Amino acid sequence: MESSDRFVEMVTSVDDVRLDFGALCIAAHAHPGLVVDDWIARIDEIAGACTDVSLDAVVAELFGRRGFQGDLENYDDPENSFLDSVVERRCGIPISLSVLVIEVARRLGISVLPVGMPGHFLVRAAECPDHWCDPFHGGRLLTREQCHALFDTVYRGTRAFEETDLLPVSARSVLARMLANLENGELARDPVQLAWMCELHLAIPGVSVTDGVQLLRRLARVVDPVRAAGAYERMAEGVDDEVAKRLRSEARLLRSRMN
């Protein structure tokens, strides 16, 4: 089964969405020949080397002994978004490093939750609601006040910090955010790359109608009309009647280009 089919099957049919699997399926689209299960085994090996069953042990293994770090010099490098490259190069961006922490911890039976703070992704241990871990900066622990300060360094007063910014988010929303990062990055200038990004993103349940329509319109600019029309029609099946009518109308217009 191809990585796109495996990705869609997981995000649409199971409750326990695995971030390592989803992130590696995303990476496989940019890295032909990538074998997802081989990289799953690489993460197994990292977890097996942890000296204790705790988030502290995971942090010590990743950011201490193995030297993982945030990529401050080439933050926008698309490779920082691909989990295989993060494991290989030992650097990444907040969300990809967070996925690695979560998945190493999961293998040890530790529940670590993704926290989608705008501008800077974090994680926290499920049993510790008052401290957050910042994988981009070596896994340092942050208080609520420190998270707020970190948020302010990103937004500089252009957006107000809200308590909901520190709540855990779903695995599906993490994968959607990883794809959104790619869609707004350098790699998306290539129409072939943008096409798979949009199609994987559209397959994730829970994508808002507004975001979905934007994705559809970007997709329609880079793929053939029939392929784009099919995406419009699939989205129309899960929205209210008025929106569905509009989407099907756009699908018909796209198909008419082939006549």
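Just so it is clear, the model here is predicted, and its values are computed rather than measured. (Residues numbered from 1 in each chain as written. Predicted model: local features only at pLDDT ≥ 70, side-chain atom pairs only at ≥ 80, totals over all residues. Heavy atoms only, no water.)

Bringing the overall build of the protein into the picture now. Secondary structure assignment for the protein yields 12 helices and 6 strands. Per-residue burial for the protein yields a buried fraction of 50% across its 259 residues. A total of about 12700 Å² of accessible surface is found on the protein, and carbon and sulfur atoms cover 49% of it. (Helix = DSSP H or I, 4+ residues; strand = E, 2+ residues; numbered from the N terminus. Buried < 20%, exposed > 50% of the residue type's maximum accessible area, 1.4 Å probe, protein only. Areas by Shrake-Rupley, 256 points an atom, 1.4 Å probe, with all protein chains shown as cover.)

Once that is clear, we can look at the packing of aromatic side chains. The tally for this structure, following the rule as stated, stands at 3 aromatic pairs. Centre to centre, the rings of tyrosine 75 and phenylalanine 136 are 5.6 Å apart; their planes meet at 70°, and the pair counts as edge-to-face. Of the two residues, tyrosine 75 sits in the loop between strand 1 (69–70) and helix 5 (83–89) while phenylalanine 136 sits in the loop between strand 5 (132–134) and strand 6 (140–142), which places them 61 residues apart along the sequence. An aromatic cluster is defined as three or more aromatic residues linked by ring pairs; in this entry it consists of Phe151, Tyr155 and Phe161. (Phe/Tyr/Trp six-rings, centres within 6.5 Å; stacked < 30°, edge-to-face > 60°.)

Here the focus is the side chain of histidine 120. Summarising the element assignment, histidine 120 is placed in the loop between strand 3 (112–115) and strand 4 (122–125). For histidine 120, the side chain forms a polar contact with the side chain of aspartate 134, separated by 2.8 Å. (Polar contact = N/O pair within 3.5 Å; in protein donor to acceptor, adjacent residues only side chain to side chain.)

The next point concerns the pairing of strand 4. Residues Leu122 and Arg124 point to one face of strand 4 and Val123 and Ala125 to the other, with burial holding for every one of them. Pairing geometry for strand 3 and strand 4, over 4 bridges, is antiparallel. When the bridges of strand 4 are listed, proline 114 appears paired with valine 123. Where strand 3 folds back onto strand 4 in an antiparallel hairpin, the turn is made up of 6 residues, including glycine 119, whose phi is positive at roughly 85°. (Pairing = 2+ DSSP bridges.)

This brings us to the packing of helix 10 (residues 209–220) against helix 11 (residues 225–236). Packed helix pairs are specified by the crossing angle of their axes together with the interaxial distance, meaning the distance between the axes. Two elements in contact, helix 10 and helix 11, have axes separated by 9 Å at closest approach and are oriented at 165°. Put simply, helix 10 runs roughly antiparallel to helix 11. The chirality of how helix 10 crosses helix 11 is left-handed. Residue-level inspection shows Val209, Gly212, Val213, Leu216, Arg217, Leu219 and Ala220 of helix 10 in contact with helix 11, the latter providing Ala228, Ala231, Tyr232 and Met235. Residues belonging to the contact of helix 10 with helix 11 are distributed by class as follows: 9 nonpolar, 1 polar and 1 charged. (Axes fitted to C-alpha atoms, helices over the stretch in contact; angles between N-to-C directions. Parallel < 35°, antiparallel > 145°, perpendicular 65-115°, else oblique. Left-handed = near helix turned anticlockwise from the far one by under 90°. Contact = heavy atoms within 4.5 Å. Nonpolar A, V, L, I, M, F, W, Y, C, P; charged D, E, K, R; others polar.)

The subject of this paragraph is unusual backbone geometry. A positive phi angle, close to 65°, is found at arginine 90, a residue other than glycine. Among the structural elements, arginine 90 can be located in the loop between helix 5 and strand 2 (91–92). Arginine 90 gets classed as partly exposed once you look at its relative accessible area, which sits at 35%. Not every positive phi belongs to a glycine, and arginine 156 is a case in point at roughly 50°. Counting through the fold element by element, arginine 156 comes out in the loop between helix 7 (144–155) and helix 8 (171–183).

Residues of helix 4 (residues 55–65) that are buried include every one of Leu55, Ala57, Val58, Val59, Glu61, Leu62 and Phe63, and no others. The secondary structure elements touched by the buried residues of helix 4 are helix 3 (36–48), helix 6 (94–107), strand 3, strand 4 and strand 5. Positive phi shows up at glycine 67, right after helix 4, with a value of about 75°.

In this section: the pattern of salt bridges. Taken as a whole and assessed by the stated rule, the structure comprises 18 salt bridges. Salt-bridge contacts for glutamate 45 lead to arginine 66; the nearest nitrogen and oxygen are separated by 3.0 Å. In this pair, glutamate 45 sits in helix 3 while arginine 66 sits in the loop between helix 4 and strand 1, placing the two residues 21 residues apart along the sequence. Across the salt bridge formed by arginine 227 and glutamate 199, the nearest N and O atoms sit 2.7 Å from each other. (Salt bridge = Lys/Arg side-chain N within 4 Å of Asp/Glu carboxyl O.)

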